[in-house]
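# Fold and contact review
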Amino acid sequence: MNWAMTDRSYSQRRACCLVGLDRKTYRYASKRSGDDVIRTRLRDLASQRRRFGYRRLHILLRREGIEVNHKKLYRLYREERLTVRKRGGRKRALGTRAPMTIPQGSNQRWSLDFVSDSLVDGRRFRILCVIDDFSRECLATVVDNSISGVRVGRELDRIADMRGYPCMVVSDNGTELTSNAILQWQEERGVEWHYIAPGKPMQNGFVESFNGRLRDECLNEYLFTSYHHARDIIEAWRHDYNNHRPHTSLNGLTPKEFTTRSKQDHNQNRLYS
């Protein structure tokens, strides 16, 4: 087209007729915006959430007030050559993150993780453990053969009905905890969710320490004949852990005693301030 009009001095009408192209199509200029803001934020989120695909990134963009059709977002995702890389056989840490400070009060930050065990007949079960990082109190030990992201959100709501919602929840990058159900839960409740770096379990050290105590003092000490039996034993151990078992990192206090003393100290400081 351009060659015919510049080198051969053909008119636009004649050049379009020669190639069978409508003149409106030749003169059409795209009005599509460059979407630079969306592209930049999409790249930033993809670098922060390297295990998130375009669907979960779409949720994060909506949360920030960036409204975009999911089909358009998928096109931008492909044009930016973003993808979730397949993992190799060996788990490796994909980077480090800044260490979090220790919370200064109860119900500011919860940590959660899963522990697995089996019944005497070989059936496996999982335990969802939820810890208050300040007091080390175990808020829940949910036992079942399978625990989905929807179930995790429901259990967190149950705890919040008694205590209120925390400012932050810390977890690893398990499939249940990075599911759309959990992303929707944290968006609707306004709770910040911090994912530790893959391969760095000590970034979630409070619940990892609790898991070690649970396995050493309870799971390795009993043979569980049924799910109901496991729930009763583990719940009894949790009650003992919170109310009777001295905690070395709390100067020998139990989590309940530590929480009560912290509230008393806080009230005294307010009284004399």
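Everything below is about the structure shown above.
Let us look at the structure shown here. (Residues numbered from 1 in each chain as written. Predicted model: local features only at pLDDT ≥ 70, side-chain atom pairs only at ≥ 80, totals over all residues. Heavy atoms only, no water.)

### A look at a nonpolar patch on the surface
Threshold: The patch calculation keeps residues exceeding 30% relative accessible area without a salt bridge and links them within 9 Å when they carry like charges or within 5 Å when they are nonpolar (Val, Leu, Ile, Met, Phe, Trp, Tyr). The protein chains shown are the only cover counted for residues, whose accessible areas, like all others here, come from Shrake-Rupley with a 1.4 Å probe. A carboxyl oxygen of Asp or Glu within 4 Å of a side-chain nitrogen of Lys or Arg is what we treat as a salt bridge. Starting at the N terminus, helices and strands are each numbered in turn, a helix being any DSSP run of H or I of at least four residues and a strand any DSSP run of E of at least two.
Residues Leu 18, Val 19 and Leu 21 make up a contiguous nonpolar surface patch of roughly 270 Å² in combined accessible area. Its location among the elements puts Val 19 in helix α2 (residues 12-19).

### Describing the pairing of strand β5 (residues 192-195)
To keep things clear, this is the line we draw: One bridge is not enough; two strands pair if DSSP finds at least two bridges between them. Look down the strands so they point away from you; if the path from the first strand over the helix to the second goes clockwise, the crossover is right-handed.
Both strand β4 (residues 168-171) and β5 contribute to a ladder of four bridges, which runs parallel. Within the sheet, the bridge partner assigned to Val 170 lies in β5 and is His 194. Tracing the backbone out of β4, into helix α8 (residues 180-189) and back to the parallel element β5 gives a crossover that is right-handed.

### Here we look at unusual backbone geometry
Cut-off, in case you're wondering: Relative accessibility decides the category of a residue: with a 1.4 Å probe and only protein chains considered, values under 20% of the type maximum give buried, values over 50% give exposed, and everything between is partly exposed.
For Arg 81, which is not glycine, the phi dihedral falls at a positive 60°. Overall, the relative accessible area of 77% leaves Arg 81 in the exposed class.

### Quick word on the sheet that holds β5
This is how the line gets drawn: Only the contacting stretch of a helix is used when fitting its axis, a line to C-alpha atoms as for every element, and angles between N-to-C directions run 0 to 180 degrees. Any two residues whose heavy atoms approach within 4.5 Å are treated as being in contact.
Taking strand neighbours across the sheet as the criterion, the five strands line up as β3-β2-β1-β4-β5 in an open arrangement whose pairing is mixed. Every other strand in the sheet has two partners, leaving β3 (138-144) and β5 as the edge strands with one partner each. Averaged over all neighbouring strand pairs, the angle between strand axes comes to 20°, with direction disregarded. Across the sheet, helix α7 (residues 149-163) touches β1 (109-118), β2 (124-132), β3 and β5, and the angle it forms with β3 is around 145°.

### Things to note about the packing of helix α4 (residues 36-48) against helix α5 (residues 54-63)
Operational definition: If an angle is under 35 degrees, it is roughly parallel; if it is over 145, roughly antiparallel; if it lies from 65 to 115, roughly perpendicular; otherwise it is oblique. Two helices that cross are described as forming a left-handed crossing if the nearer one is turned anticlockwise from the farther one by less than a right angle, and a right-handed crossing if clockwise. Classes in brief: Ala, Val, Leu, Ile, Met, Phe, Trp, Tyr, Cys and Pro nonpolar; Asp, Glu, Lys and Arg charged; the others, Gly included, polar.
For the pair α4 and α5, interaxial distance at closest approach is 10 Å and the crossing angle is 120°. Taken together, the axis directions place α4 and α5 in an arrangement best described as oblique. For α4 against α5, the interelement crossing comes out right-handed. Judged by residue contacts, Arg 41, Leu 42, Leu 45 and Ala 46 of α4 engage Leu 57, Leu 60 and Leu 61 from α5. Broken down by class, the residue content of the contact of α4 with α5 amounts to six nonpolar, no polar and one charged.

### Considerations on the packing of aromatic side chains
The condition that has to hold: Between the rings of Phe, Tyr and Trp (Trp by its six-membered ring), a pair exists once the centres lie within 6.5 Å; its type follows the angle of the planes, with under 30 degrees stacked, over 60 edge-to-face, and the other angles tilted. Definition used: whenever NZ (Lys) or CZ (Arg) falls within 6 Å of the ring centre and also within 35 degrees of the ring normal, the charge is taken to sit over that ring.
This structure, assessed with the given rule, holds twelve aromatic pairs. Seen in terms of ring centroids, Trp 193 and Tyr 195 are 6.2 Å apart; in terms of plane orientation they differ by 35°. Their pairing is tilted. A relative accessible area of 4% means that Trp 193 is categorised as buried. Here Tyr 195 falls in the buried class, since its relative accessible area comes to 2%. Here the aromatic cluster, defined as three or more aromatic residues joined through ring pairs, consists of Phe 52, Tyr 165, Trp 185, Trp 193 and Tyr 195. The aromatic ring of Phe 52 is capped on one face by Arg 56, whose charged end is 5.8 Å from the ring centroid. Across from the ring centre of Phe 114, 4.2 Å away, lies the NZ or CZ of Arg 126, which sits over that ring.

### What to know about the pattern of salt bridges
What the rule picks out here adds up to 20 salt bridges. For the salt bridge of Asp 133 with Arg 109, the shortest nitrogen-to-oxygen distance reads 2.7 Å. Placement of Asp 133 in the loop between β2 and β3 and of Arg 109 in strand β1 is noted, with a sequence separation of 24 residues between them. Judged on exposure class, the residue Asp 133 and its partner Arg 109 are both buried.

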